[in-house]
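A structural walkthrough
Here are the chains, one letter per residue:
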Amino acid sequence: MAGGGGAAPAPKQDELQPHPVKDQLSNVSYCITSPPPWPEAILLGFQHYLVMLGTAVIIPTALVPQMGGGNDEKAKVVQTILFVSGLNTLLQTFFGTRLPAVMGASYTFVVPTISIILAGRYSDIVDPHEKFLHIMRGTQGALIVASALQIVVGFSGLWRNIVRFLSPLAAVPLVALAGFGLYELGFPGVAKCIEIGLPQLVLLIILSQYIPHAMHSEKAVVDRFAVLFSVTIVWVYAFLLTVGGAYKHAPPKTQLHCRTDQSGLVGAAPWIRVPYPFQWGAPTFDAGEAFAMMAASFVALVESTGSFIAVSRYASATPVPPSVLSRGIGWQGLGILLDGLFGTATGSSVSVENAGLLGLTHVGSRRVVQISAGFMIFFSILGKFGAVFASIPAPIVAALYCLLFAYVGSVGLSFLQFCNLNSFRTKFILGFSVFMGLSVPQYFNEYTSVAGYGPVHTGARWFNDIINVIFSSKPFVAGFVAFFLDNTLHKHDNATRKDRGHHWWDRFRSFKGDNRNEEFYSLPFNLNKFFPSV
């Protein structure tokens, strides 16, 4: 028998092989077209509703007081956002990309809305409620005009022709920063009430990642409903801290973030109310404000393209054909038009947190997201019940963001499997675009927070807003730099084409290039005959 000092056996050939490249994610439990059983689908739909609530509440909470509104107006705006988000999600899943993408309120539109709030033409109005109505009508007019950009770019097929030049390499910074770029909404929000936010974050990780492996259960329950379980437990814990008097003598800011009775939504929300178009009055139009909102609309268009790509991956679909992306952008434009008609104070885009939830649950079913849209509409009409869920403390929501945004960021990185990471060209484009995507918006945001206005400070306020909105978006800057460099740096030779992964996506450039596209993206009710995808 040989001694113990011999050389280790040579590794087998298959151990030396890299992991195979996959154009579809294989370990998803339910893909777009395979819905879970109804009870499970309803619970998963409610979980999606719970996740999208955070943004639907945070944006009005920031904007409505600045507009002159109180708790009554805030509750009505939250209801309106939920109602329109439900409509937009149904339109997108039935007629748009048909991906399981939740369409929710977008942070991208906050900057031009604040610009409208600060506009000189509203400074003479003394009555706060009257001021709120006038500002709301101004944002409505700007959103209605801005929606035309996405409607035209999407339905004309212009976006299809641009996206055809998107390679896996250029998609990486765009999709990755659609998730990672929202880092300031994560732990800084958790830290505003660390005794609630941190337990939520730790519990969510334990329930979704550790317990399923410890239990070895055949049926995924704990990890699939980790958001529901963890939010319920920590919410009850926060409620007990509140009623137990833990924050009785705390500073007002701490009370606002930690207490479960500070949102003012439950008391202010009506029992039953159906949001309707022009509920705040007739929209007003201002050219400068419309231009600034158009810039936000263009940025949201690019960000949503990245989010659609992430959703398609987690739904175990094939890469989205350019014509389907263009169609989805057109319907997103119609969604922004609805935002303007109903008066939500902000525009719509793909909800990044819900895209991350697809990854957390391993469920990419279209039906689940359509059920969540039903919950949005139902609870927006039954105001009091909806307000109860909407009053979840913000640090709990921020803890969810830490995990869900990370999932979207990581799916962006997963497209590197199609690229040659040993190529210096790849390293340059990838590194430079991600760095600039983080660095340029950081400069714009820092400058604005110190000076009170952006680095571009000309006499034309609308021009300032356009530049500041565009360069404050991390996925937009990163995606634009990567797209430009990838399509201009010696792209024609065959080796470069393989390095950037372009050949992997070739057959998905047209709708008929892969027969799986029919299953995932074709329109219902035989509409493909009238609106063919190309």
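For the structure itself, consult the block above.
This section reports on the structure supplied with the text. (Residues numbered from 1 in each chain as written. Predicted model: local features only at pLDDT ≥ 70, side-chain atom pairs only at ≥ 80, totals over all residues. Heavy atoms only, no water.)

On the secondary structure map, Thr344 appears in the loop between helix H13 (322-342) and strand E2 (348-350). Of note is the side chain of Thr344, whose polar atom sits 2.5 Å from the backbone oxygen of Thr346. Once residues within four sequence positions are removed from consideration, Thr344 is found in contact with Val77, Thr80, Ile81, Val84, Met136, Leu143 and Asp339. (Helix = DSSP H or I, 4+ residues; strand = E, 2+ residues; numbered from the N terminus. Polar contact = N/O pair within 3.5 Å; in protein donor to acceptor, adjacent residues only side chain to side chain. Contact = heavy atoms within 4.5 Å.)

Ranked by size, the top nonpolar core spans 139 residues in total, and within it Tyr49, Met67, Phe132, Ile196, Val227, Leu360 and Tyr521 carry the most contacts. With 14 residues, helix H1 (residues 38-67) is the largest single contributor of residues to this core. Excluding its chain neighbours within four sequence positions, the residues that come into contact with Val227 are Gln47, Val51, Leu204, Leu357, Leu360 and Leu400. (Core = buried A, V, L, I, M, F, W, Y, C linked by side-chain atoms within 4.5 Å. Buried < 20%, exposed > 50% of the residue type's maximum accessible area, 1.4 Å probe, protein only.)

Right, let's get into the environment of Ala394. Counting through the fold element by element, Ala394 comes out in helix H17 (residues 394-413). Measuring from C-alpha to C-alpha, the distance between Ala394 and Gly86 comes to 22 Å, with 308 residues separating the pair along the chain.

This part is about the packing of aromatic side chains. The tally for this structure, following the rule as stated, stands at 33 aromatic pairs. With a centroid separation of 6.1 Å and an interplanar angle of 40°, the aromatic rings of Phe94 and Phe95 are classed as tilted. When its relative accessible area of 28% is taken as the criterion, Phe94 is described as partly exposed. Ring geometry for Phe379 and Phe389: centres 5.3 Å apart, planes at 70°, overall edge-to-face. One end of the pair, Phe379, is in helix H15 (residues 366-381); the other, Phe389, is in helix H16 (residues 383-390), with 10 residues separating them in the sequence. According to the relative accessible area criterion, Phe379 is buried, its value standing at 10%. Taken together, the ring pairs connect Phe46, Tyr49, Phe375, Phe378, Phe379 and Phe389 into an aromatic cluster. Here the basic side chain of Lys384 rests over the ring of Trp271, its NZ or CZ set 5.8 Å away from the ring centre. (Phe/Tyr/Trp six-rings, centres within 6.5 Å; stacked < 30°, edge-to-face > 60°. Lys NZ or Arg CZ within 6 Å of the ring centre and 35° of its normal.)

All right, on to a nonpolar patch on the surface then. Residues Phe187, Ile194, Leu198, Val202, Ile206 and Tyr210 make up a contiguous nonpolar surface patch of roughly 540 Å² in combined accessible area. Per-element accounting of the nonpolar patch gives the leading share, five residues, to helix H8 (residues 194-215). (Patch = residues over 30% accessible without salt bridge, like charges linked within 9 Å, V, L, I, M, F, W, Y side chains within 5 Å. Areas by Shrake-Rupley, 256 points an atom, 1.4 Å probe, with all protein chains shown as cover. Salt bridge = Lys/Arg side-chain N within 4 Å of Asp/Glu carboxyl O.)

So, on to empty space enclosed by the protein. Going through the model one piece at a time under the given rule, you end up with four cavities of 30 Å³ or more. Estimates place the volume of the largest cavity at around 160 Å³. When residues of the lining of the largest cavity are traced back to their parent elements, those giving at least two are helix H12 (287-314) and H13. When residues of the lining of the largest cavity are assigned to their parent elements, the largest contribution, three residues, is made by H12. (1 Å grid on protein atoms, 1.4 Å probe; cavity = no way out; pocket = protein on both sides within 12 Å on 5 of 7 lines; lining within 4 Å. Points joined across faces, edges and corners; volume = space filled by probe spheres on them.)

Function cannot be read off these values alone, since they describe shape.
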